[in-house]
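Topology and contacts: notes
So the chains spell out like this:
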Amino acid sequence: MKEVRIGIIGIGNMGSAHAQSIKKGEIPGLRLAAVADRKESRKEWAGTELGEGVRIFSEGEELIASGLCDAVLVATPHYQHPVLVISALRHGLHVLCEKPAGVYTKQVREMNEEAEKHNLVFAMMFNQRTNPIYKKMQELVAGKSLGEIKRVNWIITDWYRTQAYYDSGDWRATWDGEGGGVLLNQCPHNLDLLQWICGMPKEVQAFCHNGKWHNIEVEDDVTAYFTLENGATGVFITSTGDAPGTNRFEITLEKGKLVSEEDKLILYELAENEREYCFKATEGFKKPEGAYRELELTGENSQHKGVLKAFAGRILHGTPLIADGREGIRGLMLSNAMHLSSWLKRPVTFPVDEELFLEELTKRRKASGLKENVKEITFDTKGSYGSGNGN
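Residues numbered from 1 in each chain as written. Predicted model: local features only at pLDDT ≥ 70, side-chain atom pairs only at ≥ 80, totals over all residues. Heavy atoms only, no water.

**Description of the packing of helix α9 (residues 188-198) against helix α12 (residues 328-344)**
In the contact formed by α9 and α12, the axes pass within 8 Å of each other and the chain directions differ by 110°. In terms of orientation, α9 and α12 fall into the roughly perpendicular class. Between α9 and α12 lies a crossing of right-handed hand. For the pair α9 and α12, contact is made by Leu191, Asp192, Leu194 and Gln195 and by Arg330, Gly331, Leu334, Ser335 and Met338, respectively. Residues that form the contact of α9 with α12 fall into these classes: four nonpolar, three polar and two charged. (Axes fitted to C-alpha atoms, helices over the stretch in contact; angles between N-to-C directions. Helix = DSSP H or I, 4+ residues; strand = E, 2+ residues; numbered from the N terminus. Parallel < 35°, antiparallel > 145°, perpendicular 65-115°, else oblique. Left-handed = near helix turned anticlockwise from the far one by under 90°. Contact = heavy atoms within 4.5 Å. Nonpolar A, V, L, I, M, F, W, Y, C, P; charged D, E, K, R; others polar.)

Take a look at the structure:
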């Protein structure tokens, strides 16, 4: 195979950006063969913008069964992700799935089990893993040169959204249409990075506030407290109601502190391990010596295009993916745990009780209502495509 014929299912904000990138020849090895979307306006856009060489379908299943594609990119609303991924795998197609992997881990686990049955490439669109800041943090934490994690704090409140954003689709910000709010729509990248860099927690207690800042039925403000396997504690705070908002990711370790903020990575490195210093120091108030320095970062921040290139490279040449599709369940388990903890008003341990979560989610889906009189708006995919803020 010299090129991969790819089809995109769902050509909304992110799907259309991916389609244009591939169509322009920016992803070596990928050729856009087909797209699918249920909305007439989007199919009309595809007919105008993508040219005669791209077949247009109304249903993802039609595209999958067409025989026109070697691979598919799934960029539909969340509940459809596992269903379409499973179907594509069963039809012998390689799959790249947009985040999140799904809405509930029971369904995603079934998707992962299906992936194990096939010798096909399955990838997840975790484009923030290409960011040199997060790559460096993961390298330093995993390498243990700074010792064990003691504390984690991530304030990620620069996800500001207006009411117009939420009113732009009948499925947005509803339990039945989207399956959650800020945790499931804006934060899958952050939750993936949290587990990728720090590891999965063993327990979480969360407070999710539904419609605190907007007229919506799902959460737009969350504070969660978690405990890692080694006993370290952490706090994760997110919201779509803060302006200007903050994005500060701080990891305190035995030999220093990493701080990611404003596109910089700062390290305060101690001269010696604090755990050793604490018990041999003779002065009661003196801190261990250390100094701040900005870490030099290397490598391209390739984002979505980097994930697409890696996907094509894996199929054609066997080179590494940015993120294997089966890893998507981890960050989703974090959001499921936060939702369940808030619903039950108690801590939740890992692994999450998948049946209990689905039972509680189903209650909310039954009471959910799709919105009327919505006005579809177009988001700045050119600006969002690089930062990951397009959903």
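**Regarding the sheet that holds strand β15 (residues 348-349)**
Pairing within the open sheet is mixed, and its nine strands lie in the order β14-β13-β12-β11-β7-β10-β9-β8-β15. What marks the edges here is a single partner per strand, and that holds for β14 (290-294) and β15. One ladder, built from seven bridges, connects strand β9 (residues 219-228) with strand β10 (residues 233-239); its direction is antiparallel. Across the sheet, residue Thr227 finds its bridge partner in β10, namely Thr233. Sheet strands touched by α12: β8 (201-210), β9, β10 and β15. Its angle to β8, the strand with the most contacts, is close to 60°. (Pairing = 2+ DSSP bridges.)

**Quick word on the environment of Gln303**
Within the element layout of this structure, Gln303 appears in helix α11 (residues 303-317). When its relative accessible area of 5% is taken as the criterion, Gln303 is described as buried. (Buried < 20%, exposed > 50% of the residue type's maximum accessible area, 1.4 Å probe, protein only.)

**A word on the pattern of salt bridges**
If charged atoms from side chains of opposite charge come close, those side chains can pair. Summed over all chains, the structure comprises 25 salt bridges. One salt bridge in this structure joins Lys136 and Glu139, with 3.5 Å as the shortest N-O distance. Placement of both Lys136 and Glu139 in helix α6 (residues 132-143) is noted, with a separation of three residues, approximately one turn of the helix. The class for Lys136 is partly exposed, based on a relative accessible area of 24%. (Salt bridge = Lys/Arg side-chain N within 4 Å of Asp/Glu carboxyl O.)

**Considering the nonpolar core**
Counting 85 residues, the largest nonpolar core has Phe236, Phe249, Ile251 and Leu258 as the members making the most contacts within it. Counting residues per element, this core draws most heavily on α12, which supplies eight residues. Once you skip the residues sitting within four places of it in the chain, Leu258 turns out to touch Met137, Leu140, Val141, Leu146, Phe249, Glu250, Ile251, Leu253, Leu265, Ile266, Leu267 and Leu295. Listed in part, the 26 residues of the second largest apolar core include Ile8, Ile22, Leu73 and Ala75. (Core = buried A, V, L, I, M, F, W, Y, C linked by side-chain atoms within 4.5 Å.)

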